[in-house]
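# Topology and contacts: notes
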Amino acid sequence: MASAHLAKTVESGSGQLVLIPSKISVPNRPSKLTHRPRLASQLADYSTHQLTLIHGPAGYGKTSLSLDWINQLNHPVAWFSIDSADNEPVRFIAYLTACLQQATQRCPQSLEQVLTASPIHFESHISRLLMELANTDTPVLLVLDDYHWIDNEVIHQGLRFLIKHKPAFLHIVINSRSLPPLGLANLRLHDQLLEIAPDQLAFDEDDAHQFFADRLPFSLTPCQLAPLLQQVEGWPTVLQLIALLSTPDIDSFESWANEVVKGHTYLLDYLAEEVLTQVSPEIKQFLYFSSVLDSMNDYLVKTVTGVENGQAMLEQVEQLGLFITPLDCQRHWYRYHPLFSTFLRHQLGKHYPGQTQTLHQRACAGWQQLGYIHEALTHAIAGENHCALTEILLKHGWSFYQQGQCRILQQALNSIPSATLAANAELTMLGAWVAQNLYQYDDVENLLVQAEQKLPQQMPQPQWQEIQCEFNTIRAQLAMNLGQIKEAQMLAQDALANLPEERRRIRTVALSVLGEASFCQGQLTKAQQMMEEAEQLARLRGASQIALWTQCQQSEIAMAQGYLQKAFNIQDKALQFATEHQVNHLPIMEFIHRVRAQVLFEWHHLDGAEKHSLAGIEILRPQGEHWFLQCYALLAKIALLRGKHTVCADYIQKLQQLMQGDDYHSDWMANAHATMLAYWQATQDMAAIERWQQAAPPLSPATNHFYQCHARNRARAEIYLNQPAKAIDILTSLQQQAVKYRLITDQNRNHICFAQAYWSQDERELALEHLEQALQLATTTGFISSFLLIGKSLIVMLKALKQDYPLADNELQRAERLIKLAQQQRSLNKSITITLDETLIGDILQQADIPELIKSTPLTKREWQVLSLIHSGLSNEQIAGHLEVAPSTIKTHIRSLYQKLNVNHRDEAIDIANKMLRTIQGD
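Here's what I pulled together on the structure shown here.

Procedures and definitions
Residues numbered from 1 in each chain as written. Predicted model: local features only at pLDDT ≥ 70, side-chain atom pairs only at ≥ 80, totals over all residues. Heavy atoms only, no water. Helix = DSSP H or I, 4+ residues; strand = E, 2+ residues; numbered from the N terminus. Buried < 20%, exposed > 50% of the residue type's maximum accessible area, 1.4 Å probe, protein only. Polar contact = N/O pair within 3.5 Å; in protein donor to acceptor, adjacent residues only side chain to side chain. Contact = heavy atoms within 4.5 Å. Core = buried A, V, L, I, M, F, W, Y, C linked by side-chain atoms within 4.5 Å. Pairing = 2+ DSSP bridges. Axes fitted to C-alpha atoms, helices over the stretch in contact; angles between N-to-C directions. Arc of directions from axis to C-beta.

### So, the side chain of T703
Note on placement: T703 falls in the loop between α36 (686–694) and α37 (705–720). Here T703 falls in the buried class, since its relative accessible area comes to 14%. Of the polar contacts made by the side chain of T703, one reaches the backbone oxygen of C520; its length is 2.7 Å. Apart from the residues within four sequence positions on either side, T703 is in contact with F519, C520, Q521, G522, Y741 and L743.

### Quick notes on the nonpolar core
One recurring pattern in soluble globular proteins: nonpolar side chains tend to sit buried together. Ranked by internal contacts, the top residues of the largest apolar core, which has 249 residues, are F212 and F787. Setting aside residues no more than four positions away along its own chain, F787 makes contact with N748, I752, L771, A774, L775, A778, L794 and L818. Within the second largest apolar cluster, 45 residues are counted, among which are L53, A94, L100 and V114.

### Regarding the sheet that holds strand β7 (residues 193–196)
Strand order in this open sheet of 5 strands is β3-β5-β6-β2-β7, and the pairing throughout is parallel. Of all the strands in the sheet, just β3 (77–81) and β7 have a single pairing partner and so form its edges. Geometrically, the sheet is characterised by an average inter-axis angle of 15 degrees between neighbouring strands, direction not taken into account. Strand direction decides the pairing type here: strand β5 (residues 140–145) and strand β6 (residues 170–176), joined by 5 bridges, are parallel. Across the sheet, the residue bridging to L141 is H171, located in β6. The strands touched by helix α2 (residues 62–71) are β2 (51–55), β3, β5, β6 and β7; relative to β6, the strand with the most contacts, the crossing angle is about 155 degrees. The strands that helix α6 (residues 153–165) touches are β2, β5 and β6; relative to β6, the one it contacts most, it runs at about 140 degrees.

### Quick notes on the side chain of H125
Here H125 is to be found in helix α5 (residues 122–133). Not counting residues within four places of it along the chain, the set of residues in contact with H125 comprises I93, T97, S110, Q113, V114 and I120.

### What about unusual backbone geometry?
The backbone of N722 sits at a positive phi, close to 65 degrees, despite the residue not being glycine. Within the secondary structure layout, N722 lies in the loop between α37 and α38 (724–740). Backbone geometry places D762, a non-glycine residue, at a positive phi of 65 degrees.

### A few points about helix α13 (residues 265–274)
The set of residues buried in α13 consists of L267, L268 and L271. Around the axis of α13, the buried residues are gathered within 100 degrees of arc, so they sit on the same side. Each element contacted by the buried residues of α13 is listed here: α11 (236–245), α12 (250–263) and α17 (338–351).

Honestly, that's just the spatial picture; any functional story needs more than this.
So this is what it looks like as structure tokens:
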């Protein structure tokens, strides 16, 4: 489209130009345009620059941003909407003049001249135009929208002249998909360019939250929004498409979001119409062929596409604004937007069927030549190159495993014929450990059995026995995961007895299995020693995954012993180890972040607990939502204590959905059930608790923290369903085992449950005794949040404890802090949840709005008891039975009570009691 030569004079042809009014009119601002304060603050500084350039690919909101910005200004705006026909100089200068005339009414002669048939000198015309405009001081914005349609050098040269010589009152704004050749480097160097680049145009979480709030009838949680933004990389048009497709419920939203991210036909059609129509066939083919590369440089694109100058092609694609991003400052490495890659690969299959496999094989060879084995393996899988796959796995497979790259290993191993795997001991063991790491237990056994049918005939007996020991170690870890502790011990002991000393890696695994088995059997000291030894061996061997695993186990053992600070310190050590060895991405790091979040939650550092829970989710995101269960349970408890009903309910729904479709380890199930029960109790959903109780897991000997949690869940359900005696029976047996195995953290939680159970059946002294013991243990554990999960009734219990027991200083300080936190806690259920108690009388009498008669003529102890029972909903006869007095006596107390309260009816008495308690409850 560029002119053959740079003519200084342009002609309009015969006749007068007819201009389309809409092209020089400011478009209507959309009613739901999202205001973006982050970018608005940058644009506010426009007057100190010569030029504002807003550039980014199609659908990045350049025009929308400009419209929102000028809507905030009180200046005349000259708007020129450019299209492909405007690449002719005479049309361009005519529209440019017309939009300035329309905005200022100060350049009629220039407009008349440009609309005639006489020749026009571009720069001379701009000079006359500027002279006509010179008599004003009113700021004017000239917006050239969609400037990427222009590639005529005459126009570029004229615009460079305008930018250089424009008066101070005129500010030029260019919206473009590509970077226009207007001397941008010089403008940048002299700080005369205000630039909004694609990474700034992309929506951040604040932008996206506001965008969806304006369009959806429901709110999105950070957990729902963050991964979506990451997948679409903030591309506004894609978010708009998701919002348009969604129906008014969250399930529909997530479903359509997944469809769009995978390459919905609407998105593919949009890119075909808006992007491909503007590029040459040569560029199209380059885009299609290079789309098989997730990242690329000059060498790779030459190897894959066959172009002569790969770097020049990459820079040209960038100049055209075709969804490509440089990955380094030198612009040697690039990548496409992931959704654009999806589109291009779709077009590749459509226009070049049969080429994809060949391109991947070329890419595999290219990455291998550069020494990037992970990328080479990816393309070997896609290109179905079995020879390259086997070669890479035998040479680098265990290195991939140590780095936690189990997903790609599994894909590679699945691409190799099963007979080839079974005949190779190294590949079989690699595949088995990968499957075990991904909790695909059936696949582990299938791989081992197939190998056992072939390998003994292929090697000497001593060599086979050694391999058999390694197979047994894998089976030991598998048995441990399945809760088959005795089987795991037997297999691990056999492996240690028969494996040579030089097989240090597998011996370390066997030792860690024995340590974990000891932990589950309540042998905490022995387990701790074994895990410390296994950690040392793993460090010496350079086995980072095993080292981190043993540190996780040591942290959990310390938590079970009640040493939460020690657990926290071990987690610090693990995080430091991960950073030093550059393995922060390993799936095992989710375990580290999760146990860190559990400690922080117990200490009521909710922001920190949330941060580490979300970090755990991000680490496991590539593994799929199945693995988010534990982190979702923690996030639900955090939302519960913050009183965020909707957020908590969303996480509870996710827990239920995940648990319907999958089997989880007993530990995971116990934590999820505990969270769900706490939510149902807080929302008074007794029907849900009853349903859970009917299907609850059977009780097992509670020698470890997760079987303790299962049993405690049963006890909590009985308490919530007003069956405290049954709860006490469960807790009594549970506590005996916790004491026997020195499970201090569980003892702490059991005492809290005991206090709830006894308090709910009016055994005040026993309730307070257990509450005090819980506070004593909390001096070691640091517990806060486990107490707060009781809810508002904790306030009364602690006030009664302070009145009846001489607490030590640490316990008293914790009790006072807990009362304050419980009062500040927002309830999911807004009803009054505490009861009148004699310990509250002093607090009640200090309230300003209490009837004066109560202050001058205080209620007797018995009258307070009667008021409490009235507030609880009991009839006169039930109150008489509860207090073991005659009904007539109760009537006498009620008459006196009503007189002092200055009320006439039971409902009024209940209303006054509610007011008394609401202030104490903190509502």
